[in-house]
Amino acid sequence: MFQTAFKYYKSRNPPPSFEDVLLIGCDHPNLKPVRLGNIDGECFAGLLSPSEWKVHEVTSRPGLLVVANPFTAEAQRQWMARSLADYPTPPNTTNQSGMGQLERDAAGSWWEQLQTIPTPAERRKFAKSLRWATLGYQYDWTNKLYDEARREPFPPELGALVRYVATTLGYDRFSPEAAIVNYYPAGATLAGHTDHSEDDQTAPLFSFSFGQPAVFLIGGTSREEQPDALLLRSGDIVVMTGASRLCYHAVPRVCIDAELPEGLGCSAARWAVLDAERQDAVQWGAAAEEYMRHSRININVRQVLRENQQTLQRSGLG
């Protein structure tokens with residue numbers, strides 16, 4: 001059932017209907033509002049006050065929390081800029097690591113190289129070459145393991161953001177120790193899988209979406225279960241807790257706004273307007289604007305170690 005739904009939403013001809021897709025932040029029988037208890041104190045820079053957050057639990061997936069975009073437009077641009085310029089650089093590993101390393105080092109980072117390409121068509125082609133970067137504990141995609149010998153410092157600004165969101169949602173013991181940043185060009189997919197490589201598989205998993213919209217599938221612990229489909233737009237946050245933490249999930253479709261029915265495709269309006277007077281416009285720039293008009297970035301943060309555990313139990317195992 002999971003694979004059938006994946007193929008349905010992936011299909012280009014004919015395209016899928018979006019009538020059964022849950023839209024984060026809207027009233028729906030399967031979205032139960034969640035009342036927050038930790039809304040006092042200072043707001044995190046770039047986020048709305050927690051009293052304004054729209055938080056829901058997907059009733060058919062106990063423990064799956066969704067937060068409709070709580071970011072300011074400026075903050076969204078800053079997180080996308082970090083994901084493009086900072087996160088795919090050493091010591092972080094990417095899908096390009098080890099392939100022509102000397103040539104890339106001489107030519108600059110992926111982001112620096114992208115900005116030297118003169119034509120839009122060639123830039124878009126090169127932009128698709130980056131698909132993921134790992135932060136903190138470096139993930140071995142081949143063996144699906146973390147390695148204590150490859151534990152890098154977790155980006156402090158991202159760690160602060162995740163800890164704030166976690167505490168606001170009632171998970172004040174969450175420790176951000178690893179992240180996978182996925183780069184999705186329009187039309188890209190991510191097959192159904194579970195996240196089970198962490199020593200602590202009870203700690204929540206935090207997923208931040210930026211850029212173009214995407215269909216997110218969340219099923220059960222078996223591929224035989226019919227999944228639910230959610231439309232994630234720029235700034236939305238998904239938190240997998242409890243029973244949902246080990247459920248199958250996937251991204252069968254990354255959309256461009258124009259592909260969506262009227263009223264659904266509004267992600268670009270959240271962050272795309274540039275103002276030359278704004279201080280962050282210099283850091284953002286036309287290159288990032290062009291990239292994000294055709295792409296989605298997902299920052300997926302997880303806790304690797306159990307509470308009070310200092311290192312992985314055995315080097316190379318997670």
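Since we're looking at a predicted model, the values are computed, not measured.

Enquirer: So what about the side chain of Glu57? Which residues, and what values?
Expert: For Glu57, the position within the fold is in strand β3 (residues 54-58). Ignoring sequence-local partners within four residues, the contact set of Glu57 consists of Asn30, Leu31, Lys32, Val34, Pro62, Gly63, Leu64 and Leu65.

Enquirer: Could you give an account of the UniProt feature "binding site: Fe cation" (unreviewed entry) in the protein chain, naming the residues involved and the relevant values?
Expert: If you check UniProt for "binding site: Fe cation" (unreviewed entry), the listed places come out as His193, Asp195 and His249 in our numbering. Taken along the chain, the residues just named run across 57 residues; in space they keep tight, none of their C-alpha pairs more than 9.0 Å apart. Not counting the four nearest positions on each side in its chain, His193 is found in contact with Cys247, Tyr248 and His249. Polar side-chain contacts of His193 include one of 2.9 Å to the backbone oxygen of Ala191.

Enquirer: Summarise the environment of Tyr139; cite the residues concerned and give the values.
Expert: Mapping Tyr139 onto the fold places it in strand β6 (residues 132-140). Of the residues examined, Tyr139 reaches a relative accessible area of 11% and is grouped as buried. Between the C-alpha atom of Tyr139 and that of Ser197, which follows or precedes it by 58 residues, the distance is 9.1 Å. The residues contacting Tyr139, other than those within four sequence positions of it, are Thr134, Lys144, Leu145, Tyr146, Ile180 and Ser197.

Enquirer: How would you summarise the sheet that holds strand β12 (residues 228-232) if you had to cite specific residues and measurements?
Expert: Pairing is mixed in the open sheet, where five strands are placed in the order β1-β12-β11-β14-β9. Looking at strand neighbours, the two that pair on one side only are β1 (22-23) and β9 (190-193), the edges of this open sheet. Sheet topology places β1 next to β12; two bridges connect them, and they run parallel. Residue pairing for β12: Leu22 is matched across the bridge by Leu230. Contacts between helix α1 (residues 2-10) and the sheet are confined to β9, β11 (214-218), β12 and β14 (249-254), with β14 contributing the most and set at about 15° to the helix.

Enquirer: Tell me what's going on with α1, and back it up with residues and numbers.
Expert: Of the positions making up α1, those classed as buried are Phe2, Ala5, Phe6 and Tyr9. Each buried residue of α1 lies within a common arc of 105° when the element is viewed along its axis, so the set occupies one face. Looking at α1, the residues exposed on the side facing more than 90 degrees away from the buried face are Thr4 and Lys7. Here the buried face of α1 lies against β9, β11, β12 and β14.

Enquirer: Please provide a residue-by-residue account of the packing of aromatic side chains, values included.
Expert: Centre distance and the angle of the planes are the two values used to describe a pair of aromatic rings. Tallying each qualifying case throughout the model produces twelve aromatic pairs. A ring pair is formed by Phe71 and Phe208, whose centres lie 6.3 Å apart and whose planes are at 70°; its orientation type is edge-to-face. Here Phe71, found in the loop between β4 (64-68) and α2 (73-85), pairs with Phe208, found in strand β10 (residues 205-211); they are 137 residues apart in sequence, far enough to count as distant. The class of Phe71 is buried, set by a relative accessible area of 5%. Between Trp110 and Tyr183, the aromatic rings sit 6.3 Å apart at their centres with planes inclined by 50°, giving tilted as the arrangement.

Enquirer: Hey, could you go over the nonpolar core for me, with residue numbers and the actual values?
Expert: Ranked by internal contacts, the top residues of the largest apolar core, which has 42 residues, are Leu158, Phe206, Phe208, Tyr291 and Val301. Per-element tally for this core: the top contributor is helix α6 (residues 156-168), with six residues. Sequence-distant contacts of Phe208, that is, excluding residues within four places in its chain, are made with Phe71, Leu161, Val162, Val165, Asp236, Ile237, Ile297, Asn298, Ile299 and Val301. Core analysis: the next-biggest nonpolar cluster, separate from the first, contains 20 residues, Leu31, Leu205, Ile218 and Val254 among them.

Enquirer: Outline the environment of Gln96, supporting the account with residue identities and numerical values.
Expert: The topology assignment puts Gln96 in the loop between β5 (93-94) and α3 (101-107). Judged by relative accessible area, Gln96 falls into the buried class, the value being 10%. Separated by 34 residues in sequence, Gln96 and Leu130 have C-alpha atoms that sit 6.9 Å apart. Here the side chain of Gln96 touches Ser129 through a polar contact of 2.8 Å, side chain to side chain.

Enquirer: Quick rundown of the confidence of the model for the protein chain? Include the residues and the values.
Expert: Put simply, the protein chain has an average pLDDT of 85, and 87% of its residues get 70 or more. The weakest mean pLDDT in the protein chain belongs to α3 at 54; the strongest belongs to α6 at 97. Across residues 272-282 the pLDDT falls below 50, and counting only partners more than four positions away or on other chains, this stretch makes twelve contacts in the model.

Definitions and limits used
Residues numbered from 1 in each chain as written. Predicted model: local features only at pLDDT ≥ 70, side-chain atom pairs only at ≥ 80, totals over all residues. Heavy atoms only, no water. Helix = DSSP H or I, 4+ residues; strand = E, 2+ residues; numbered from the N terminus. Contact = heavy atoms within 4.5 Å. UniProt positions renumbered as here; feature names shortened; annotations may be inferred. Polar contact = N/O pair within 3.5 Å; in protein donor to acceptor, adjacent residues only side chain to side chain. Buried < 20%, exposed > 50% of the residue type's maximum accessible area, 1.4 Å probe, protein only. Pairing = 2+ DSSP bridges. Axes fitted to C-alpha atoms, helices over the stretch in contact; angles between N-to-C directions. Arc of directions from axis to C-beta. Phe/Tyr/Trp six-rings, centres within 6.5 Å; stacked < 30°, edge-to-face > 60°. Core = buried A, V, L, I, M, F, W, Y, C linked by side-chain atoms within 4.5 Å. pLDDT = per-residue confidence, 0-100.

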